[in-house]
Amino acid sequence: GQNIDQPTEMTATEGAIVQINCTYQTSGFNGLFWYQQHAGEAPTFLSYNVLDGLEEKGRFSSFLSRSKGYSYLLLKELQMKDSASYLCAVRDQWDDYKLSFGAGTTVTVRA
Amino acid sequence: SQTIHQWPATLVQPVGSPLSLECTVEGTSNPNLYWYRQAAGRGLQLLFYSVGIGQISSEVPQNLSASRPQDRQFILSSKKLLLSDSGFYLCAWSDTGELFFGEGSRLTVL
């Protein structure tokens, strides 16, 4: 099974940078996903890491260290529309079909 | 392009009543299909997944059931709802691992 931990809430100022950490414990790892979910809406895919290192996509970057069971999502140049919940999810090596999700980190961007 | 739709978007049901949520996917064949539930302030809990017609895997014991009568149709049902069934239900599909979610169905059981 999977055990995924991420902070419950974070607050940052418009234009700033925020880093959301995710740690996981798993019997078999086959990839880590980050999703964004605005209140009352469905999650949307942000990034995918399966190898160690940093993946950059515009203002968003995601980092993975498999040996440490650790990932972070970095949001740069924060905008008000980035206020949302960010979900970390891990894919099971032994069951490719399943993603297990953390409880999510609610990010509030203030002017 | 692929699309996924689920309905109804909102439901208010009394305890003990039946439930049927439907989900359809277009633009892809033989997708993996999923039902997740998100309780208020909590993470996504995988309820069921299906890798093909008639193939259903259940992740947690509960009074819900799922069926896949057609390749791109996934249905979540209950014969008698409980208060604890309230939540935000999300259908999703995947082929290579990334999940694509439907719009969600918010169920309130009173």
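Above: the structure in question.
Since we're looking at a predicted model, the values are computed, not measured. (Residues numbered from 1 in each chain as written. Chains lettered and ligands numbered in written order. Predicted model: local features only at pLDDT ≥ 70, side-chain atom pairs only at ≥ 80, totals over all residues. Heavy atoms only, no water.)

S.K.: An account of the interface of chain A and chain B is requested, with residue identities and associated values reported.
M.R.: In this complex, chain A contributes 17 residues to the contact, which on the side of chain B involves 21 residues. In this assembly, chain A packs against chain B so that about 1,400 Å² is buried in total across both faces, 57% of it on carbon and sulfur atoms. Where chain A packs against chain B, one counts one salt bridge. The salt bridge involving Glu59(B) is made with Lys98(A); its shortest N-O contact spans 3.1 Å. Viewed at the interface, chain B and chain A are joined by four residue pairs in polar contact (both at pLDDT 80 or more). Elements that contribute at least two residues to the side of chain A that touches chain B include exactly strand E4 (29-37), strand E9 (84-92) and strand E10 (99-101) of chain A. When residues of the side of chain A that touches chain B are assigned to their parent elements, the largest contribution, three residues, is made by E4(A). Of the residues that constitute the side of chain A that touches chain B, the class distribution is 10 nonpolar, three polar and four charged. (Contact = heavy atoms within 4.5 Å. Buried area = accessible area lost by both parts, 1.4 Å probe. Salt bridge = Lys/Arg side-chain N within 4 Å of Asp/Glu carboxyl O. Polar contact = N/O pair within 3.5 Å; in protein donor to acceptor, adjacent residues only side chain to side chain. Helix = DSSP H or I, 4+ residues; strand = E, 2+ residues; numbered from the N terminus. Nonpolar A, V, L, I, M, F, W, Y, C, P; charged D, E, K, R; others polar.)

S.K.: Account for the nonpolar core, with residues named and values stated.
M.R.: In terms of nonpolar packing, the biggest core is built from 21 residues, with Ile20(A), Tyr24(A), Leu32(A), Trp34(A), Leu73(A), Leu75(A) and Tyr86(A) touching the most fellow members. Elements represented by at least two residues in this core include exactly strand E3 (18-26), E4, strand E7 (60-65), strand E8 (70-75), E9 and strand E11 (105-110) of chain A. When sequence neighbours within four positions are dropped, the list of residues in contact with Ile20(A) reads Gln6(A), Met10(A), Trp34(A), Ser71(A), Tyr72(A), Leu73(A), Leu75(A), Tyr86(A), Thr105(A) and Val107(A). Membership of the second largest hydrophobic core comes to 20 residues, among which are Ile4(B), Leu76(B), Cys91(B) and Leu107(B). (Core = buried A, V, L, I, M, F, W, Y, C linked by side-chain atoms within 4.5 Å. Buried < 20%, exposed > 50% of the residue type's maximum accessible area, 1.4 Å probe, protein only.)

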